[in-house]
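The lines below spell out each chain.
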Amino acid sequence: MARRTKRRNQPVRLQPHEIEKMRVVGRFAAGLLAQVEGLIKPGISTEEIDRFVDAETRKRGAISAPLGYPKGSAHPFPKHCCTSINHIVCHGIPSANDVLREGDIVNVDVTPIIDGYYGDTSRTFCVGAVDPEVQRLVDDTYEAMRIGIAQVKPGGHVGDIGHAIQRFAEGRGHGVVRQFAGHGIGTIFHGPPTISHVGRRGEGELFEPGMTFTVEPMINLGDWRCQILADHWTVVTVDGSLSAQFEHTVTVTEDGVEVLTLAEGATFDLNSDSA
């Protein structure tokens, strides 16, 4: 789940025993999305996806962080995950009325809490066969996330992520959402630093071992601008163009970066000519 772009105090930095907790919840979150993938087909509603996420999370003894977030808000998020179809950029609210159709794309964003630690990750799924242009958007968005993560290492800066993502995505003709960003995470859902997906190399907070945050670019087929609907959550593109997103939670290591939201046995390729 993205946060609106703003700055706050000191970045989240975790100790080794805390990072192990993040690995546990991250593996579970990744596995949850792998199970969701098996549900994605024409005719399924996003409400059914939400019910599945809730049931599987409860089986693990975990909690769905989005439900009721943020506490004390006049408009808390009402579901267990976000389901963002086609022109919805992020924070789509699952509904029985939103039924997937052949050719759609849908981002499913999950954040379980285990032992007080948050595992935040999302994937954009294609519903059946999609147009080549749409497949290109989805593939480019994953690559943008991967390129951004590849910039993370001690001595680098937060701006390096945004610079790399923006250069790649705009070079492919896409718009990069600016109003929402990645965020620090650990025993809190959203904390510093703000991880903008546009930026300048060498600017922003300095990466240090233990810093833990999400990288989650939202890439539009058209204009980068977006707006929030009257439900206070759903974010849509202003021009109605399609939008895709991928998200991982990562931590800065002594010599690079570790992706924490990977399924058991999975690997993540950091090498790229595009970066």
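In this text, all values refer to a predicted model and were calculated from it rather than measured experimentally.

Comments concerning the overall build of the protein chain
Each helix and strand in the protein chain was counted, giving four helices and 18 strands. Since a compact globule built from 275 residues should have a radius of gyration of about 19 Å, the 17 Å found for the protein chain is in line with a globular shape. Each principal axis of the C-alpha atoms in the protein chain carries an extent, and together these give about 50 × 45 × 40 Å. In the protein chain, buried positions account for 56% of the 275 residues. A sequence separation of at least 24 residues applies to 73% of the contacts in the protein chain between residues at least 6 apart. Here the protein chain holds 27 positive side-chain charges and 35 negative ones, and the gap between their average locations is 4 Å.

Looking at the sheet that holds strand E5 (residues 105-110)
What the three strands build is an open sheet, ordered E3-E5-E8; its pairing is antiparallel. Because the sheet does not close on itself, it has two edges, and the strands there are strand E3 (82-85) and strand E8 (121-126). Adjacent strand axes in the sheet meet at a mean angle of 20°, parallel and antiparallel pairs treated alike. Bridging between E5 and E8 involves six bridges; their strand directions are antiparallel. Residue pairing in the sheet places Asp 109 in a bridge with Ser 122 of E8. Running at roughly 15° to E8, helix H1 (residues 16-37) makes contact with E5 and E8 of the sheet.

Some remarks on the side chain of Arg 146
Along the polypeptide, Arg 146 turns up in helix H3 (residues 132-149). Look at Arg 146 and you get buried, because its relative accessible area is 7%. In terms of polar contacts, Arg 146 uses its side chain to reach the backbone carbonyl oxygen of Asp 269, at 2.9 Å.

Some thoughts on H3
Its 18 residues give H3 an end-to-end C-alpha distance of 26 Å, which sits within 8% of 26 Å, the value for a rise of 1.5 Å per residue. Among the residues making up H3, those that are buried are Val 134, Leu 137, Val 138, Asp 140, Thr 141, Glu 143, Ala 144, Met 145, Arg 146, Ile 147, Gly 148 and Ile 149.

Quick word on the pattern of salt bridges
Scanning the model with the defined rule gives 14 salt bridges in all. The shortest N-O distance in the salt bridge between Lys 79 and Glu 47 comes to 2.8 Å. Of this pair, Lys 79 sits in the loop between strand E2 (63-64) and E3 while Glu 47 sits in helix H2 (residues 46-59), and the two are 32 residues apart along the sequence. Between Asp 223 and Arg 225 there is a salt bridge, with the nearest N and O atoms lying 3.0 Å from each other. The partly exposed category is assigned to Asp 223, whose relative accessible area is 27%. Several salt bridges share partner residues, and in doing so they unite Glu 20, Arg 23 and Glu 258 into one network.

Some details on the packing of H3 against helix H4 (residues 158-171)
Two numbers describe how H3 lies on H4: the axes approach to 8 Å, and their chain directions differ by 150°. Relative to H4, the element H3 lies roughly antiparallel. H3 and H4 meet at a crossing whose hand is right-handed. Between H3, through Asp 140, Glu 143, Ala 144, Ile 147 and Gly 148, and H4, the contact on the second element is made entirely by Ile 161, Ala 164, Ile 165 and Phe 168. Of the residues belonging to the contact of H3 with H4, the class tally is six nonpolar, one polar and two charged.

Some words on the nonpolar core
Note that soluble globular proteins tend to have their nonpolar side chains buried in a common cluster. The biggest cluster of nonpolar side chains holds 36 residues, and the ones touching the most others in it are Ile 40, Ile 49, Leu 100, Val 106, Val 108 and Val 110. For this core, the elements supplying multiple residues, two or more each, are H1, H2, E3, E5, strand E6 (112-114) and strand E7 (117-118). It is H1 that contributes the most residues to this core, eight residues altogether. Listed in part, the 33 residues of the second largest apolar core include Val 130, Phe 207, Val 250 and Val 257.

With respect to the side chain of His 91
Turning to its location among the elements, His 91 is positioned in the loop between strand E4 (88-90) and E5. For His 91, a relative accessible area of 5% translates into the label buried. Only 3.2 Å separates the side chain of His 91 from the backbone oxygen of Ala 2, close enough to count as a polar contact. Leave out the neighbours within four places in its chain, and His 91 touches Met 1, Ala 2, Phe 77, Cys 82, Ser 84, Phe 180, Trp 233, Thr 234 and Val 235.

Comments concerning the environment of Ala 230
Relative to the helices and strands, Ala 230 is located in the loop between strand E14 (226-228) and strand E15 (235-237). Sequence separation between Ala 230 and Tyr 142 is 88 residues; the distance between their C-alpha atoms is 29 Å.

With respect to the sheet that holds E14
Across the sheet, which stays open at both edges, the three strands sit in the order E4-E15-E14 with antiparallel pairing between neighbours. Each having just a single partner strand, E4 and E14 make up the two edges of the open sheet. Strand after strand, the sheet turns through a mean of 40° between neighbouring axes, direction not considered. Pairing of E14 with E15 involves three bridges; the strand directions are antiparallel. The residue bridging Gln 227 from the neighbouring strand is Val 236, located in E15.

Rules behind the numbers
- Residues numbered from 1 in each chain as written.
- Predicted model: local features only at pLDDT ≥ 70, side-chain atom pairs only at ≥ 80, totals over all residues.
- Heavy atoms only, no water.
- Helix = DSSP H or I, 4+ residues; strand = E, 2+ residues; numbered from the N terminus.
- Rg over C-alpha atoms; globule rule 2.2 N^0.38 Å.
- Buried < 20%, exposed > 50% of the residue type's maximum accessible area, 1.4 Å probe, protein only.
- Contact = heavy atoms within 4.5 Å.
- Lys, Arg positive; Asp, Glu negative; His and termini not counted.
- Charge placed at Lys NZ, Arg CZ, Asp CG, Glu CD.
- Pairing = 2+ DSSP bridges.
- Axes fitted to C-alpha atoms, helices over the stretch in contact; angles between N-to-C directions.
- Polar contact = N/O pair within 3.5 Å; in protein donor to acceptor, adjacent residues only side chain to side chain.
- Expected span 1.5 Å × (residues − 1).
- Salt bridge = Lys/Arg side-chain N within 4 Å of Asp/Glu carboxyl O.
- Parallel < 35°, antiparallel > 145°, perpendicular 65-115°, else oblique.
- Left-handed = near helix turned anticlockwise from the far one by under 90°.
- Nonpolar A, V, L, I, M, F, W, Y, C, P; charged D, E, K, R; others polar.
- Core = buried A, V, L, I, M, F, W, Y, C linked by side-chain atoms within 4.5 Å.

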